[in-house]
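# Geometric and topological summary
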Amino acid sequence: MHQFTNALVHETSPYLLQHAHNPVNWRPWGKEAFEEARKEDKPIFLSVGYATCYWCHVMERESFEDEEIARVMNEHFVCIKVDREERPDVDDVYMAATQIVSGGGGWPMSVFLEPKGLKPFYAGTYFPAEDKYGRPGFGSLLRGVREAWVKQRAEIDEQADKIAEAIEAVLSRKREPVKLGSEVVRHAIAGLKGSYDPEHGGFGGG
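All values derive from a computational prediction rather than experimental measurement. (Residues numbered from 1 in each chain as written. Predicted model: local features only at pLDDT ≥ 70, side-chain atom pairs only at ≥ 80, totals over all residues. Heavy atoms only, no water.)

## Concerning the side chain of Asp-91
Just so we agree on the cut-off: Helix numbering and strand numbering both begin at the N terminus, where a helix is a DSSP run of H or I of at least 4 residues and a strand a DSSP run of E of at least 2. With a 1.4 Å probe rolled over the protein chains alone, any residue whose accessible area is under 20% of its type maximum counts as buried; one over 50% counts as exposed, and the rest are partly exposed. Only heavy atoms matter for contacts: two residues are in contact if any of them lie within 4.5 Å across the pair.
Tracing the backbone shows Asp-91 in helix 5 (residues 88-102). Classification of Asp-91 as buried rests on a relative accessible area of 5%. Aside from chain neighbours lying at most four places away, what touches Asp-91 is Val-48, Arg-84, Trp-107 and Met-109.

As structure tokens, then:
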């Protein structure tokens, strides 16, 4: 087994340091990685997780420590690793994308971005190394994304634009302030009073 070291070795996040010796050529989130992806015209593979995430460790063991999978990642993608606890802003944006694309969210978050605008065009969470649990294997997914990147670029760009619009709609709704007038408060109090059990204590059913 070879001893690898990638750019995460210079980071301070415990989660990023856990991946500093993967054979994947991980980069931290930042301008240097973005510029490399644009210069080489490669899609970005963004992996987001945190130090105590169980499935993050499973995917690392199954895929990110596998030399053949790492070879495909290094050859055809610029790979970025993010600690969601260090960059909740990045996590928020791409979690919205993952929920839009897959109907659910969670970590590890696995997102493919086009390099110019960092718009996601495909997203999911945990992928096993090989096809199982009704999910595509990560190796198969990488090859499929690479092939689409080469042969269906217009469709990828269109998909990225649609997802970016959907993300903006989701995040703008989250940012809108909610007005709480006295009528809303009165309704809330009445609802709470109606569901309170004065005999046994507590709200709602047992």
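## Quick notes on the packing of aromatic side chains
Rules: Whether two aromatic rings pair depends on their centres lying within 6.5 Å, for rings of Phe, Tyr and Trp, where Trp uses its six-membered ring; planes under 30 degrees apart make the pair stacked, over 60 edge-to-face, and the rest tilted. Remark: a charge is flagged as sitting over a ring if the NZ atom of Lys or the CZ atom of Arg is within 6 Å of the ring centre and within 35 degrees of the ring normal.
Overall, the coordinates contain 16 aromatic pairs when judged by the stated rule. Summarising the aromatic geometry, the rings of Trp-55 and Tyr-126 are spaced 4.8 Å apart at their centres and angled 50° between planes, so their arrangement reads as tilted. A residue pair is termed long-range when its members are at least 10 positions apart, and Trp-55 in helix 3 (residues 54-64) and Tyr-126 in the loop between strand 5 (120-124) and helix 6 (138-151) qualify at 71 residues. The class for Tyr-126 is buried, based on a relative accessible area of 6%. An aromatic cluster is present here, built from Trp-26, Phe-45, Phe-64, Phe-77, Phe-112, Phe-121, Tyr-122, Phe-127, Phe-138 and Trp-149 joined pairwise through their rings. Stacked on the ring of Trp-107, the Lys or Arg Arg-84 has its end atom at 3.9 Å from the ring centre. The ring of Trp-149 carries Arg-153 above its face, with NZ or CZ at 3.6 Å from the centroid.

## Quick look at the environment of Glu-11
Looking at the element boundaries, Glu-11 is found in the segment before helix 1 (14-18). According to the relative accessible area criterion, Glu-11 is partly exposed, its value standing at 24%. Separated by 17 residues in sequence, Glu-11 and Pro-28 have C-alpha atoms that sit 7.9 Å apart. With residues up to four places along the chain from it excluded, the contact list for Glu-11 reads Leu-16, Leu-17 and Pro-28.

## Notes on unusual backbone geometry
Residue Trp-107 is joined to Pro-108 through a cis peptide bond whose omega torsion reads 5°. If you check the backbone angles, Asp-41 has positive phi at about 55° while not being a glycine. Note on placement: Asp-41 falls in the loop between helix 2 (31-40) and strand 2 (44-49). Of note in the backbone geometry, Leu-118 takes a positive phi value of approximately 60° without being a glycine. Within the fold, Leu-118 resides in the loop between strand 4 (109-113) and strand 5.

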